[in-house]
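Below, each chain spelled out in residue letters.
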Amino acid sequence: MQYHAEVTIGLKSGMLDPEATTIQKALEHLGFPTDSLEMQKRFVLELDAPSRDAAESLVAEMCRRLLANPVIHNFDIEIEESG
Amino acid sequence: MKIAVLQFGGSNCDYDVQYVLTEVVGVDADIVWYKDELEGYDGVVVPGGFSYGDYLRAGAIAARAPIMNSVRKMADRGLPVVGICNGFQILVESGLLPGALMTNSYPKFRCDRVNLRVDNNTSPFTNSFKKGQVVRIPIAHMEGNYFAQEHTLSELNSQDRVAFRYVDEQGNATSEANPNGSSENIAGILNGQGNILGMMPHPERASEFILGSKDGKKIFDSMVEYISSF
């Protein structure tokens, strides 16, 4: 089966992200004050797997092995059949 | 004795390290391309640079290259491994050292001379320093903000595994002396066995008087001495 996966990776809560803070300040200078702003990375991939569960565990393994750094990141996976 | 200086696409301190080892310290050192065999070496330096363009996260891609398994095996045998700057990022990404290196708290590339306090002087890399000695070695990085969870930090402290901290001239680890927001001003750490060192500052850029400091050379000298006694 062909699956479509979307992976979102963000910093664990409470961790400082100087890049996000800078962007938040720039928005404020433009007249858009916000209470919080987080930056995340999103990976969109297509893959073959025998089942939905198998696809999900493959993508989770990709996150643990490379896409995320478990010391600082949380990740979220969404999977749907695509073909 | 022969030391390997790893080279990934985007490494750029490889030849500086090789020069210091061969011409200043006086040992054999080969540049080893990441696809080549890492055999017959007595120590490894993972040099600085921008391996793989810092894609994904600094050091993330290089850390997963098969040559890092050979580095791990050498470290398991007790041979010394030092990662400098991007090399430190590669060592934490590969899990050989704990923690993570994040974007500097003031998100800017910082290139400067800094003062470091030697907190551990018993490792194969730091045993020719005095404990508490302040040394001067330059930094050049954007992602040098050392982060580790509370339990990791207390383990590093209780096991005397913080090699260097950023300090002022008097040796105080103040927030003003911290160039990148690192937890507890940490600039360099050791693994549990003490034979892997990761540090953000560049000792190879402080190994000759003409460059303003020879403090960095002691790290390579100690490493070579350790190998000789191995």
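Our structure's up above, just so we're on the same page.
Procedures and definitions
Residues numbered from 1 in each chain as written. Chains lettered and ligands numbered in written order. Predicted model: local features only at pLDDT ≥ 70, side-chain atom pairs only at ≥ 80, totals over all residues. Helix = DSSP H or I, 4+ residues; strand = E, 2+ residues; numbered from the N terminus. Rg over C-alpha atoms; globule rule 2.2 N^0.38 Å. Buried ≥ 20, exposed ≤ 12 C-beta atoms within 10 Å, placed from the backbone. Contact = placed C-beta atoms within 7 Å. Pairing = 2+ DSSP bridges. Axes fitted to C-alpha atoms, helices over the stretch in contact; angles between N-to-C directions. Nonpolar A, V, L, I, M, F, W, Y, C, P; charged D, E, K, R; others polar. Parallel < 35°, antiparallel > 145°, perpendicular 65-115°, else oblique. Core = buried A, V, L, I, M, F, W, Y, C linked by C-beta atoms within 7 Å. Arc of directions from axis to C-beta.

Caption draft 1: Local environment of the overall build of chain B. Across its full length, chain B carries 6 helices and 11 strands. Relative to the compact-globule value of 17 Å for 230 residues, chain B shows a C-alpha radius of gyration of 16 Å, a close match. The principal-axis extents of the C-alpha atoms in chain B amount to approximately 45 × 35 × 35 Å. Scored against the burial criterion, the 230 residues of chain B give a buried share of 53%. Contacts in chain B between residues far apart in sequence, at least 24 positions, make up 75% of those at least 6 positions apart.

Caption draft 2: Quick peek at the sheet that holds strand β3 (residues 73-81) of chain A. Residues and elements named next belong to chain A. Sheet architecture is open: 3 strands sit in the order β2-β1-β3, paired in antiparallel fashion. Lying at the two open borders of the sheet, with one neighbouring strand each, are β2 (40-48) and β3. On average, adjacent strands in this sheet sit at an angle of 20° to one another, irrespective of strand direction. Here 9 bridges tie strand β1 (residues 2-11) to β2, and the two strands are oriented antiparallel to one another. Bridge pairing links glutamate 6 to valine 44 in β2. Of the strands in this sheet, β1, β2 and β3 are in contact with helix α2 (residues 52-67), which crosses β3 at around 150°.

Caption draft 3: The arrangement of the interface of chain B and chain A in detail. With 13 residues of chain B at the contact, the number on the chain A side is 7 residues. The class makeup of the residues in the side of chain B that touches chain A is 6 nonpolar, 4 polar and 3 charged.

Caption draft 4: Highlighting the pairing of strand β10 (residues 186-190) of chain B. All names here are of chain B. In terms of residue burial, β10 counts as a mostly covered element, since 5 of its 5 residues are buried. Where strand β9 (residues 162-167) meets β10, 3 bridges bridge the pair, whose relative direction is antiparallel. Counterpart to phenylalanine 164 in the pairing with β10 is glycine 188. In textbook terms, the turn of a hairpin is the stretch between consecutive antiparallel strands, and for β10 and strand β11 (residues 196-199) this stretch comprises 5 residues, one of which, glycine 194, has a positive phi near 85°.

Caption draft 5: Structural view of the packing of helix α1 (residues 14-25) of chain B against helix α6 (residues 217-228) of chain B. Residues and elements named next belong to chain B. Remark: α1 packs on α6, axes separated minimally by 11 Å, with the N-to-C direction vectors making an angle of 75°. When the axes of α1 and α6 are compared, the pair comes out roughly perpendicular. On α6, the residues touching Val20, Leu21, Val24 and Val25 of α1 are Lys217, Phe220, Asp221 and Val224. Taken together, the residues that form the contact of α1 with α6 break down as 6 nonpolar, no polar and 2 charged.

Caption draft 6: Geometry of the nonpolar core. Residue and element names in this part refer to chain B. Of all hydrophobic cores here, the largest spans 69 residues; its most connected members are Val44 and Leu116. With 5 residues, the top contributor of residues to this core is β9. Leaving out residues up to four positions away in the same chain, valine 44 has contacts with Ala4, Leu6, Val71, Met74 and Val81.

Caption draft 7: Structural context of the environment of B:Glu39. Residues and elements named next belong to chain B. In this fold, glutamate 39 is placed in the loop between β2 (28-33) and β3 (43-46). Since 9 C-beta atoms lie within 10 Å of it, glutamate 39 is described here as exposed. C-alpha of glutamate 39 to C-alpha of aspartate 160: the two residues are 121 residues apart in sequence and 31 Å apart in space.

Caption draft 8: Inspection of the sheet that holds strand β1 (residues 2-7) of chain B at higher detail. Residue and element names in this part refer to chain B. Strands sit in the order β2-β1-β3-β4-β11-β10-β9-β6-β7 across an open sheet of 9 strands; the sheet is mixed. Either end of the sheet is taken by a strand with one partner, and the two such strands are β2 and β7 (134-141). For this sheet, the mean angle separating the axes of adjacent strands, direction not counted, is 25°. Across 3 bridges, the pairing between β1 and β3 is parallel. Across the sheet, the residue bridging to valine 5 is valine 45, located in β3. Across the sheet, helix α4 (residues 86-93) lies against β3, β4 (81-84) and β11, angled at about 120° from β4, the strand it touches most.

Caption draft 9: Spotlight on the pairing of β4(B). Residue and element names in this part refer to chain B. Going residue by residue along β4, you find Val81 and Gly83 tucked away on one face and Val82 and Ile84 tucked away on the opposite face as well. For β3 and β4, the ladder comprises 3 bridges, and the chain directions are parallel. From the neighbouring strand, valine 45 faces β4, where its bridge partner is valine 82. Where β4 meets β11, 4 bridges bridge the pair, whose relative direction is parallel. Residue pairing in the sheet places valine 82 in a bridge with leucine 197 of β11.

Caption draft 10: Structural context of α2(A). All names here are of chain A. For α2, the complete set of buried residues consists of Ala55, Val59, Cys63 and Leu67. Along the axis of α2, the buried positions cluster into a sector of 80°, meaning they face one direction only. In α2, the exposed positions angled more than 90 degrees off the buried face are occupied by Asp53, Glu61, Arg64 and Arg65.

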